[in-house]
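Topology and contacts: notes
Read off the chains here:
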Amino acid sequence: MSAGGASPSSQNLLRNRRAVNLGRYWVYLFFLGELIIFSILGTNFFSAQNLQNILVASTTILLLAAGETFVILTGGIDLSVGFVMGLSCVICAKIMVTLQALGLPGSVAILLGIAGCLLIGLLPGLLNGFLIAKLRVPPFIATFGMYGIAYGLAEIISNNVPISGLPPQAGFVGNGYLLYYLPGKALSWFSPPQGISRQEIRQVVPLFPNVFLLAIIAVAIFGFILARTQFGQHTYAIGGSVDAARRAGILVDRHLIKVYMISSFFAALGGVMFTLRYVTGRADAGSARMLDAIAAVVIGGASLYGGTGTMIGSIIGTLIIGVLETGMVNLGLPTYNKYVYVGIILIMAVLIDQFFPEETKGEV
Amino acid sequence: MADQKVPLLEVKNIVKRFGGLVAVNRVSMEVYPGEVVALLGDNGAGKSTLIKVVSGVYPPDEGEIYFEGKEVKINNPMDAIQLGIETIYQDLALAENLNVYSNIFLGREKLKKWLGLVSVLDHDYMHDESKKVLDRLGIEIPSLKNKIKMLSGGQRQSVAISRSIYWKAKLLIMDEPTAALGVAEQRKVLDLVRTLKDQGVGVIIISHQLYDVFQVADRMIVLRRGEKVGERITKDTNSDEIVGLMVGAELVEDSKGEEV
C-alpha cells in the first residue's frame, strides 16, 4: 500500500535532513572539538602515555556504560551500577584475602576471587530485574534502592575500611600492558623487555592497558549480541513497544531480568578491574561513576525512552568523558570540575534528543 | 450463513466478568473460512472483551471455544497464535523503532549461523520473505528497511496485516482497522480485507464506521451491554436497523424476530 500522505516539499526535506544529521552526528563533532581544544591547551596531549591514560580512565565508564546501554534501550535505568561495582570490588578483594590467608597460592586466590565476585555480582541485577519485571516496581526506584543496599553491604563487609593485603600478583595484571615497546629496539608482550639498561627502561612505551583490553573484549562481545542476535533484537523491540513485544510472544519479563543482570555483571566486572588495578577493595570504588555511565550512553545517542542507541555510540560517549577527565588532569585542573561538565553534556544530549527531529516522517 | 462447512471459529455461551460487571454475557457466534464478520455495538457493549477472549488476553469465565471443529482452550495470546488466530489491535502493536521486516518477524526472527558458531539474525531472508508476502497482498512500501515510525497509518496497518498473513493466520481479528486512517487509506485497507477473504481467511472486524462495515462484511453481529442482541446478513439489512440494534430500540427489533 503506498503512502497516502502528502510528501513535504524538497526544500523542507533538505532542511529536515540537515537537522537530522546534526542531531545524529553532533557527538562526533563534539569529540573532535574536545580533542582539538585539549591538544592546543594541554601539554603533550597526544603523547602515547596520555592516550593510555585516557583508556585507563575510560575503562570503568566503558564497562558500566555497556551494561547500562542494554537497560536504557529497554526504556529503563540502572542507578545501582556504581555501588554494585563497589560491592563487587569489596567482595572480590575479600575473597582473595580470605583464600590467601587459608594458604592458597596467590594466583588461585585471584582467579577464585574474580569468579566468585562475578557470580555474586549477578545477584543485584537478578533482584532489580525481578522487582521491575515481575513486581512492576519502577526501574528508578528498584535500582535506587539497590544503590543504597549495595553501598551499605559493601561498607559492612569491609568494616568501613578499604580491604588490603591482597595477593600482589593482582597488581601485575591490573597495571600491566599488552605490549611494551622500546623505540627501535624491542617489543615484548605483557611485561617490559628483559635485559635492558636502566636508562632504556625509562624509554619503554607501554601500549594498551590490560584492564582496558579486557573491558573492550567484554564490551565487544555484548556489542555483538546487541547488534546481531535475537536477544539484541528483542531488547530493541521491548524498548520500542513493550506491548508489541509481548504480543509478538517475546517473554518480556524474563528478558528484562536478563538485561538487569547484564548491567549488574558489567558493574561486577568494573569491580574486578578496580581490584586488579588498585590492589584494594573499596566500597566507593565506583560511587560517582553511575553519572558517567548514564551520561556516556545518552551522549552516545540512546534515548531514555528506550528503543534507540548502540554500543558504538556508548563507546564514543565513554571516550568523550574519558578525554574530558584526562584533559582536565592534563591542564592541572582538579578532577571534580569534570562532574560539572559531564552533567552539562548529559543534559545537553537529552535536549538534543528531544528537539532535533529524528527521521523524516512519511506523515500520516 | 447456513453453510454446511465446519465453522473456523465457534464460541458458545461465552461469559466474562470483571468483578461484579458482566462484560460479556452468554454470547455465541461463529466465523466461517473466507467470511468477514463484523462485531458491532456502542462503547462498552463488550466487543473488545469478546475478541480478547478469543485472542487469549482474557480467559473466559464460562463457555466453550471451538476452532476448526475441535474444542480448544485459549489461555494466553500464544495459544491463540499457535492455533492461527491473529489479532490486530487498534494500536497495531508494532515496534516503531524497528524496520518493516523486523516487525513482520518480531518474536519469530529467522536466524542463521555466524562462522558456524553463533546464531545471528538472518536479515536477507527476513527481508526477502517479507517482500514476498507484501507483494502477494499488493502492498507497496518503498523500502522494507524503513522504520515503522517513518510509515503512514495505512502502511502500518498493512504491515500488521502482512505479519499475520505471513504467519499463516486462519482467523484475523481486526480492532477498528480504519479508525485512524485517511479516506484513501481506508479504502486500501478494505481492499486488503477482501483479498484476505478471497484467500480463505476468516476475518472478524470491530468497527464504528458502519459505512466500512457494510462494504466488506458478510454478516454482522450486534452486541449491547454484553449481550448479543442481533445477527444479520449484510445484504438483508440496512444501517438504520443496525443502529437501532446498537442503541437499543428493543421493541422494534425484537418483533422482527431474528435470533436474539
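Rules and cut-offs
Residues numbered from 1 in each chain as written. Chains lettered and ligands numbered in written order. Predicted model: local features only at pLDDT ≥ 70, side-chain atom pairs only at ≥ 80, totals over all residues. Heavy atoms only, no water. Helix = DSSP H or I, 4+ residues; strand = E, 2+ residues; numbered from the N terminus. Rg over C-alpha atoms; globule rule 2.2 N^0.38 Å. Buried < 20%, exposed > 50% of the residue type's maximum accessible area, 1.4 Å probe, protein only. Contact = heavy atoms within 4.5 Å. Areas by Shrake-Rupley, 256 points an atom, 1.4 Å probe, with all protein chains shown as cover. Axes fitted to C-alpha atoms, helices over the stretch in contact; angles between N-to-C directions. Parallel < 35°, antiparallel > 145°, perpendicular 65-115°, else oblique. Left-handed = near helix turned anticlockwise from the far one by under 90°. Pairing = 2+ DSSP bridges. Phe/Tyr/Trp six-rings, centres within 6.5 Å; stacked < 30°, edge-to-face > 60°. Lys NZ or Arg CZ within 6 Å of the ring centre and 35° of its normal. pLDDT = per-residue confidence, 0-100. Patch = residues over 30% accessible without salt bridge, like charges linked within 9 Å, V, L, I, M, F, W, Y side chains within 5 Å. Salt bridge = Lys/Arg side-chain N within 4 Å of Asp/Glu carboxyl O.

What to know about the overall build of chain A
Tallying secondary structure elements over chain A gives 15 helices and three strands in all. A compact globule built from 364 residues would reach a C-alpha radius of gyration of about 21 Å, and chain A, at 22 Å, matches this within 12%. Oriented by its inertia axes, the alpha-carbon framework of chain A measures out at about 75 × 50 × 35 Å. Here chain A holds 364 residues, and 51% of them are scored as buried. When contacts within chain A are restricted to residue pairs at least 6 apart in sequence, long-range pairs at least 24 apart make up 77% of them. For chain A, the exposed surface amounts to about 16,500 Å²; the carbon and sulfur share of it is 67%.

Comments concerning the packing of helix H13 (residues 289–299) of chain A against helix H14 (residues 311–330) of chain A
Residues and elements named next belong to chain A. Between H13 and H14, the shortest axis-to-axis distance is 6 Å and the interhelical angle comes to 130 degrees. In this view, H13 runs oblique relative to H14, as classed from their interaxial angle. Once H13 is placed against H14, the crossing between them reads as right-handed. Contact residues: Arg289, Asp292, Ala295, Ala296, Val297 and Ile299 in H13; Gly313, Ser314, Gly317, Thr318, Ile320, Ile321 and Glu325 in H14.

Remarks on the sheet that holds strand S3 (residues 36–40) of chain B
Residues and elements named next belong to chain B. The mixed open sheet is built from six strands, whose spatial order is S6-S9-S10-S3-S11-S12. Each of the sheet's edge strands pairs with one partner strand only, and the pair in question is strand S6 (85–88) and strand S12 (227–233). Geometrically, the sheet is characterised by an average inter-axis angle of 20 degrees between neighbouring strands, direction not taken into account. In terms of strand pairing, strand S11 (residues 219–224) meets S12 through six bridges, oriented antiparallel. Directly across from leucine 223, in S12, lies its bridge partner lysine 228.

Structural notes on the packing of aromatic side chains
For the structure on display, the rule yields 22 aromatic pairs over all chains. Between the aromatic rings of tyrosine 25 of chain A and tyrosine 28 of chain A, the centroid separation amounts to 6.2 Å while the plane-to-plane angle is 45 degrees, which identifies the pairing as tilted. Placement of the pair is tyrosine 25 of chain A and tyrosine 28 of chain A together in helix H1 (residues 10–41), with a separation of three residues, close to one helical turn. With a centroid separation of 5.0 Å and 75 degrees between ring planes, the pair formed by phenylalanine 222 of chain A and phenylalanine 266 of chain A is classed as edge-to-face. Here phenylalanine 222 of chain A is found in helix H9 (residues 210–228), whereas its partner phenylalanine 266 of chain A is found in helix H12 (residues 252–278), with 44 residues between them in sequence. By way of ring pairs, the aromatic residues Phe70, Phe222, Phe231, Phe265 and Phe266 of chain A are connected into one cluster. The ring of tyrosine 89 of chain B has arginine 247 of chain A lying over it, and the distance from NZ or CZ to the ring centre is 4.0 Å.

Structural notes on the confidence of the model for chain B
Per-residue pLDDT for chain B averages 88, and the proportion of residues at 70 or more is 94%. This prediction of the complex comes with two scores: 0.86 for pTM and 0.84 for ipTM.

Re a nonpolar patch on the surface
Residues Leu32, Ile36, Ile37, Ile40, Leu41, Leu331 and Leu333 of chain A make up a contiguous nonpolar surface patch of roughly 660 Å² in combined accessible area. Along the chain, leucine 32 of chain A falls in helix H1.

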